[in-house]
Amino acid sequence: MGDMTDTISILERLVSFPTVSADSNLALIDFVESYLTERGFAVHRTVNEDGTKAGLFARLTPKDGAVDGAVDGAVDGAGVLLSAHSDVVPVAGQNWHVDPFTLTAEDDKLYGRGTTDMKGFLAAMLSLADRASKVDLKSPLSLAVSYDEEVGCVGIRRMIDDMEPGIGLPDLCIIGEPTDMQPTIGHKGKLSLRATCIGQSGHSALAPQFVNALHLASEFVIGLTALQETIAESGLKDEAYSVPYSTIHVGTLSGGTALNIVPDRADIEFEIRHLAADDPDALLARVVEVAREIEDRYRPRFDGAEIRIDRVGGYPGLDMPAAHAAVDRVRALSGVNSIGKVAFGTEAGFFAERGIPTVVCGPGSMEGQGHKPDEYVTRDQLAACDRMLDRLLDQLT
C-alpha cells in the first residue's frame, strides 16, 4: 500500500515550483526527470520552440524485458499511461490567505496553487513511480507530464508525435484532472479563434463615406449569435452536459483609436466548444459563411472590406463509450461505479485520437477548487487516488 506521506511530500515540492503558464516550467521538469531517471525510467524530453518549457514521456518496463499479455483487464502488453500537466493558472489579483506556492495543511485540506489542478495527481504519479521501481513489473508503466495545458493544450499538441516512438501506445490512459475520483468519459472540444475585421480609416465628420470596421465586427457578433441559436434549436444534443449542444462564445471585441477617427480595424476573440460528435471544421465553415455574407454586403462600398478568421488554438473532445472495457477497468481501479462527463476540457482527446482508450479520473474538484484563490485538495481525495494507483500497480505486477 502506498504511503500517503510520500505523496504529500512530493506535492509539497511540486507546489513550490511557480509554474504559471506564462513562465518557464524547466525547474519542475528537471526535478521530475531526475526523480524518474533515478528510479530506472527511460525518459524522453520534448521542448518548446524557444527552449523555455518542456514536457516528458517516461516508461518503466519489466526488468527482464519480457512483457506479459493481458493483465487483469489489459488488452495487451503495452501497459498503462498516467498523464498530468505541470502548469498552473495565475494567482495575480486573487486573495489568498496562505502563500500559494507553499503547501499549507489545515485539517483535511492541503492549500496551494495546483494542488487540485493538477499537481495532486502528478504527486500521486511520482509516488507510484517510486513504488513501481521496487517491484517486478509484468507490464509497462508510462507517465506523461505536459506543459501549457492551461493556455489551450499547447504543450501536448507539440509532444504527442513523440509519444509512440518514446513509450509506445498503451492499453489505457488515465488523465488525472480533478473529477472527485469519478471516472469521466467525455468533454467538449474547443476551437479558439480570432476574427480580424478590416474597414477604412477616415474623419468621423465624413463617417458615412467609409466602412467602419466596428460595424463589420458588430454584424459578425450578431451573426454568431443567430448561428448559436440555430445550433441550440436544431444541432446535435448530449443531455449528459448542462449545456447539451455545441456553443459559440464571443470573449473580446476591440477596435478604434479615437472618437473622431473611423476605425479601420477591429479584433474579436471567440471560441467554439463542440460536442465530440460535432465536426469542428463543419462548425467553423458555418462561421466563415457568416463572415462572407457580411463582406459581400460591404464590398460594393469598399473592395477591401474583410473579416479574416484565424485559428489560435484548441483541443479535441472526448467521448468514450460507457460500455468500453477501459471504462469498466477505471471504475474498478477507482472504486467508483458512477461515470460522468465534465464541462471543462482536458488533454484526453489527443490520446484518444491515437486510438488509446482514455478516461479522466483524478483527485479534487474543478468546480469547487480549480482556478480559485485558496485552491486546495483534501487528504481524503489524495488517499483515494493513491488507492487507485495501488490497485493499478497490483495489475501491472
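Please refer to the structure higher up on the page.
Bear in mind that the values here come from a model prediction, so they are computed numbers and not experimental data.

Colleague: Before we move on, could you go through the nonpolar core and cite the residues and values that matter?
Modeller: Core analysis: the largest hydrophobic core is formed by 75 residues, its most contacted members being Leu 82 and Phe 351. With 10 residues, helix H3 (residues 115–132) is the single largest residue contributor to this core. Ignoring any residue separated from it by four or fewer positions in sequence, one finds Leu 82 in contact with Phe 121, Met 125, Leu 128, Leu 141, Ser 142, Leu 143, Ala 144, Ile 174, Leu 389 and Leu 392.

Colleague: Account for helix H6 (residues 213–234), with residues named and values stated.
Modeller: With 22 residues, H6 ought to run about 32 Å at 1.5 Å a step, and its terminal C-alpha atoms sit 31 Å apart, in line with that. Here H6 has its buried residues at Ala 213, Leu 216, Ala 217, Phe 220, Val 221, Gly 223, Leu 224, Leu 227, Gln 228 and Ile 231. Looking down the long axis of H6, one finds its buried residues gathered within 165° of arc, a one-sided arrangement. Of the exposed residues in H6, those oriented more than 90 degrees away from the buried face are Ile 222 and Glu 233. In this structure, the buried side of H6 is in contact with strand S9 (189–198), strand S11 (247–255), strand S13 (265–274), helix H7 (280–298) and strand S14 (306–315). Sitting at the amino-terminal end of H6 is Asn 212, which places a side-chain oxygen 2.7 Å from the backbone nitrogen of Leu 214.

Colleague: Tell me about the pairing of strand S2 (residues 54–60), and name the residues and values.
Modeller: In terms of burial, S2 is largely enclosed, as 6 of its 7 residues are buried. Pairing of strand S1 (residues 42–47) with S2, which is carried by 6 bridges, proceeds in the antiparallel orientation. Directly across from Arg 45, in S2, lies its bridge partner Leu 56. Strand direction decides the pairing type here: S2 and strand S6 (residues 141–146), joined by 5 bridges, are antiparallel. Bridge assignment links Arg 59 to a residue of S6, and that residue is Ser 142.

Colleague: Quick rundown of the state of the cysteines? Include the residues and the values.
Modeller: For the coordinates displayed, the defined rule picks out 0 disulfides. Cysteine Cys 361 shares no disulfide, and the gap to the nearest cysteine sulfur, in Cys 385, comes to 7.5 Å. Taking relative accessible area as the criterion, Cys 361 reaches 0% and is therefore assigned buried.

Colleague: Account for the environment of Pro 373, with residues named and values stated.
Modeller: Tracing the backbone shows Pro 373 in the loop between strand S17 (358–360) and strand S18 (376–378). Along the sequence, Pro 373 and Gln 94 sit 279 residues apart, while their C-alpha atoms lie 5.5 Å from each other.

Thresholds, definitions, all that
Residues numbered from 1 in each chain as written. Predicted model: local features only at pLDDT ≥ 70, side-chain atom pairs only at ≥ 80, totals over all residues. Heavy atoms only, no water. Core = buried A, V, L, I, M, F, W, Y, C linked by side-chain atoms within 4.5 Å. Buried < 20%, exposed > 50% of the residue type's maximum accessible area, 1.4 Å probe, protein only. Helix = DSSP H or I, 4+ residues; strand = E, 2+ residues; numbered from the N terminus. Contact = heavy atoms within 4.5 Å. Expected span 1.5 Å × (residues − 1). Arc of directions from axis to C-beta. Polar contact = N/O pair within 3.5 Å; in protein donor to acceptor, adjacent residues only side chain to side chain. Pairing = 2+ DSSP bridges. Disulfide = S-S within 2.5 Å.

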